[in-house]
Amino acid sequence: MMSKSEQTTPGKGMLKSIDRTHTLIFQFNPTTILEKRSVKYHFSEAQGQILPLAQFGMIEPTDIEFELFMHSAGAGSGSAKDLTKEIQSLRKLTLPKTLSRPQHYQQVSPHKYQLVLGTTFYIGVVNSVEINILQYDKTTLSPIHLTAAISFTAISTSIDTDVTSLKSLTRS
């Protein structure tokens, strides 16, 4: 008999909302993760200088892009499980905090998510979700195979957290 930990395959990644109950767990993907981070430098020039001096300005936001691949189990059978719930969950990633009071101050701030990719995690916001349905069930016309390209930007949670994480990167 297998133990509970042997029965469940550990997830490769997860998007979990910090301010509402919404979690998207992905088991075996994404296969490719693009992390973009840049630095803003200030350049100063003086008369007689050959090249400008560069001074560190700030670290630009970290952008993370990845693509999820979803395929329903049991596709092709008469009672095939479709991906309708997964599509609804993906669509929720970009919804505002509330739709009932669009003028309310809370409407301005987006939902914050914790993105876990293997052993690395980020706090941030979902910029975009691009859903591409690749295959439908022949009898029910329900989606059974799709890809979802997600764009995520890491944001600051506090000065202390930012400084601690940057210090851990500079230690070698």
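Scroll up to find the structure this text is about.
Residues numbered from 1 in each chain as written. Predicted model: local features only at pLDDT ≥ 70, side-chain atom pairs only at ≥ 80, totals over all residues. Heavy atoms only, no water.

1. Notes on the overall build of the protein chain
Reasoning step 1: Helices and strands together make up the secondary structure of the protein chain, namely three helices and nine strands.
Reasoning step 2: The buried share of the protein chain, reckoned over its 172 residues, is 24%.
Reasoning step 3: Partitioning the intrachain contacts of the protein chain with sequence separation of at least 6 by distance along the chain shows that 60% fall at a separation of at least 24.
Reasoning step 4: As presented, the protein chain carries roughly 12200 Å² of accessible surface, and 56% of it is formed by carbon and sulfur atoms. (Helix = DSSP H or I, 4+ residues; strand = E, 2+ residues; numbered from the N terminus. Buried < 20%, exposed > 50% of the residue type's maximum accessible area, 1.4 Å probe, protein only. Contact = heavy atoms within 4.5 Å. Areas by Shrake-Rupley, 256 points an atom, 1.4 Å probe, with all protein chains shown as cover.)

2. Digging into the pattern of salt bridges
Reasoning step 1: Evaluation of the coordinates by the stated rule reveals three salt bridges.
Reasoning step 2: The salt bridge partner of Arg37 is Glu35, with a shortest N-O separation of 3.5 Å.
Reasoning step 3: You can call Arg37 partly exposed: its relative accessible area is 40%.
Reasoning step 4: When its relative accessible area of 41% is taken as the criterion, Glu35 is described as partly exposed.
Reasoning step 5: The shortest N-O distance in the salt bridge between Glu65 and Lys36 comes to 3.5 Å. On the criterion of sequence distance, the pair formed by Glu65 in strand E6 (residues 63-71) and Lys36 in strand E3 (residues 33-36) is long-range, its members being 29 residues apart. (Salt bridge = Lys/Arg side-chain N within 4 Å of Asp/Glu carboxyl O.)

3. Considerations on unusual backbone geometry
Reasoning step 1: Phi at Leu141 is positive, roughly 60°, even though this residue is not glycine.
Reasoning step 2: Mapping Leu141 onto the fold places it in the loop between strand E8 (120-136) and strand E9 (143-154).
Reasoning step 3: On the basis of relative accessibility, which here comes to 60%, the residue Leu141 falls in the exposed class.

4. Observations concerning the side chain of Thr62
Reasoning step 1: Topologically, Thr62 is positioned in the loop between strand E5 (53-59) and E6.
Reasoning step 2: A polar contact of 3.2 Å, which involves the side chain of Thr62, links it to the side chain of Arg37.
Reasoning step 3: What Thr62 contacts, discounting residues up to four positions off in sequence, is Glu35, Lys36, Arg37, Phe152, Thr153 and Ala154. (Polar contact = N/O pair within 3.5 Å; in protein donor to acceptor, adjacent residues only side chain to side chain.)

5. Looking at a nonpolar patch on the surface
Reasoning step 1: Together, Val39, Tyr41, Phe43, Phe56, Ile59, Leu166 and Leu169 line one region of the surface with nonpolar side chains, adding up to about 690 Å² of accessible area.
Reasoning step 2: When residues of the nonpolar patch are traced back to their parent elements, those giving at least two are strand E4 (39-44), E5 and helix H3 (159-170).
Reasoning step 3: Per element, the largest residue contribution to the nonpolar patch is three residues, and it comes from E4.
Reasoning step 4: Structurally, the position occupied by Tyr41 is in strand E4. (Patch = residues over 30% accessible without salt bridge, like charges linked within 9 Å, V, L, I, M, F, W, Y side chains within 5 Å.)

6. Overview of the sheet that holds E6
Reasoning step 1: The seven strands lie next to each other as E2-E1-E7-E8-E9-E6-E3, forming an open sheet whose pairing is antiparallel. Taken across any chain shown, the strands that pair with only one partner, and hence form the sheet edges, are strand E2 (23-26) and E3. Ignoring which end each strand starts from, the neighbouring axes of this sheet average 25° apart.
Reasoning step 2: By the bridge criterion, five bridges tie strand E1 (residues 13-17) to strand E7 (residues 113-117) in an arrangement that is antiparallel. Bridge pairing in E7 places Lys16 opposite Gln114. (Pairing = 2+ DSSP bridges. Axes fitted to C-alpha atoms, helices over the stretch in contact; angles between N-to-C directions.)

7. Some details on helix H2 (residues 84-92)
For the α-helix, the turn length of 3.6 residues means that residues three or four positions removed from each other point alike.
Reasoning step 1: Residues of H2 that are buried: Ile87, Ser89 and Leu90. Axial view of H2: buried residues confined to an arc of 160°, hence all on one face. For H2, exposure combined with an orientation more than 90 degrees from the buried face picks out Lys85 and Arg91.
Reasoning step 2: Buried residues belonging to H2 abut E2, E6, E8 and E9. (Arc of directions from axis to C-beta.)

Take it as geometry only, folks, not as evidence of what the structure does.
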